[in-house]
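# Structural overview
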Amino acid sequence: MTNTKKSPARRASTLLAWLDRHPVSWLLLGASLLVLSQVRFGIGALAWLAPLPWLRYLRVKRGWRSRLAFGAVACIAWSLAFAKIITAPLPLFFAPLFALPVAALLAIPYLLTPSLRRQLGEAPAVIGFISMMVAGEWLLHTALPMGTWGSAGDTQIEQLALMQLASVTGLHGISGLVYAFAATLESLIASPSTGRVQSTAAVTVTVLLVAVGGQARLALSTSEGTERTRVAAVGTDSHVGQGPLPTPEQIE
């Protein structure tokens, strides 16, 4: 009798081939992962994979129509993500107003990466994508009054060990790790060469070392007594868009 049972690697290869034959599936998968991982009620573990489908879509599809489709889906996905934080008295249509600047700026690295790949090669394109995403996040959080909304680093807020990296690199260092893992893994899927295996392994080991180092930092901080300082927060009866907000004198 012939054993027709497929190995896990064979099944994965078949699934990837099917997704490549139906690129819109990559597009919708990326949108779903973004909505599920970002902002309120986000599942942080999904953020490590969220950029991969969109990178893959833009690798297998060419032409201006695919770029327009990507931009439209990115705007819709970010709008759905921001809709999770819209509460009364704000109406739901405020979600796209918050989402569009984030979607527009963070779509640029995705759109430029295929061009970088053709002109400079795979490794520079991966590094360029990571750098552009981190720079885009920094620009958003510097130029707009929305804090760190939309940051990949924000999705890891529950991972206290990993968040210790923020004391060294700031929040965007954590974002860089998230983007690096997704980008190197997508590159490996595209062509499983020795160099790409090594790159993915290096990023994975780096993430593990950061987590172990962060856990050690937490353990040391709780193993010995430290001086505590009592702090307080200034509260108001303010409602969004209605006031009253405290005066500078009251805050002081």
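Residues numbered from 1 in each chain as written. Predicted model: local features only at pLDDT ≥ 70, side-chain atom pairs only at ≥ 80, totals over all residues. Heavy atoms only, no water.

With that out of the way, let us pick up the packing of helix α4 (residues 51-60) against helix α5 (residues 64-83). The geometry of α4 relative to α5 is characterised by a closest axis approach of 10 Å and an angle of 165° between their N-to-C directions. Between α4 and α5, the interaxial angle falls into the category roughly antiparallel. Between α4 and α5 lies a crossing of right-handed hand. Facing W54, Y57 and L58 of α4, the residues of α5 in contact are S66, R67, A69, F70, V73, A74 and A77. When grouped by side-chain class, the residues that make up the contact of α4 with α5 number eight nonpolar, one polar and one charged. (Axes fitted to C-alpha atoms, helices over the stretch in contact; angles between N-to-C directions. Helix = DSSP H or I, 4+ residues; strand = E, 2+ residues; numbered from the N terminus. Parallel < 35°, antiparallel > 145°, perpendicular 65-115°, else oblique. Left-handed = near helix turned anticlockwise from the far one by under 90°. Contact = heavy atoms within 4.5 Å. Nonpolar A, V, L, I, M, F, W, Y, C, P; charged D, E, K, R; others polar.)

Take the packing of α4 against helix α10 (residues 171-190) next. When two helices pack together, their arrangement is captured by the angle between the axes and the distance separating the axes. Across the interface, α4 lies against α10 with an axial gap of 9 Å and an inter-helix angle of 40°. The orientation of α4 with respect to α10, classified from their angle, is oblique. Remark: the crossing between α4 and α10 carries right-handed chirality. Of α10, the residues touching α4 (which contributes P51, L52, L55, R56 and R59) are Y179, A182, A183, L185, E186, S187, I189 and A190. Looking at the contact of α4 with α10, its residues break down into nine nonpolar, one polar and three charged.

Turning our attention to the side chain of S37. Tracing the chain through its elements places S37 in helix α2 (residues 23-37). Of the polar contacts made by the side chain of S37, one reaches the backbone oxygen of L33; its length is 2.8 Å. When neighbours within four sequence positions are excluded, S37 is seen to be in contact with G42, I43, L46, A47, A50 and T155. (Polar contact = N/O pair within 3.5 Å; in protein donor to acceptor, adjacent residues only side chain to side chain.)

Remember that the coordinates give geometry; whether it matters functionally is a separate question.
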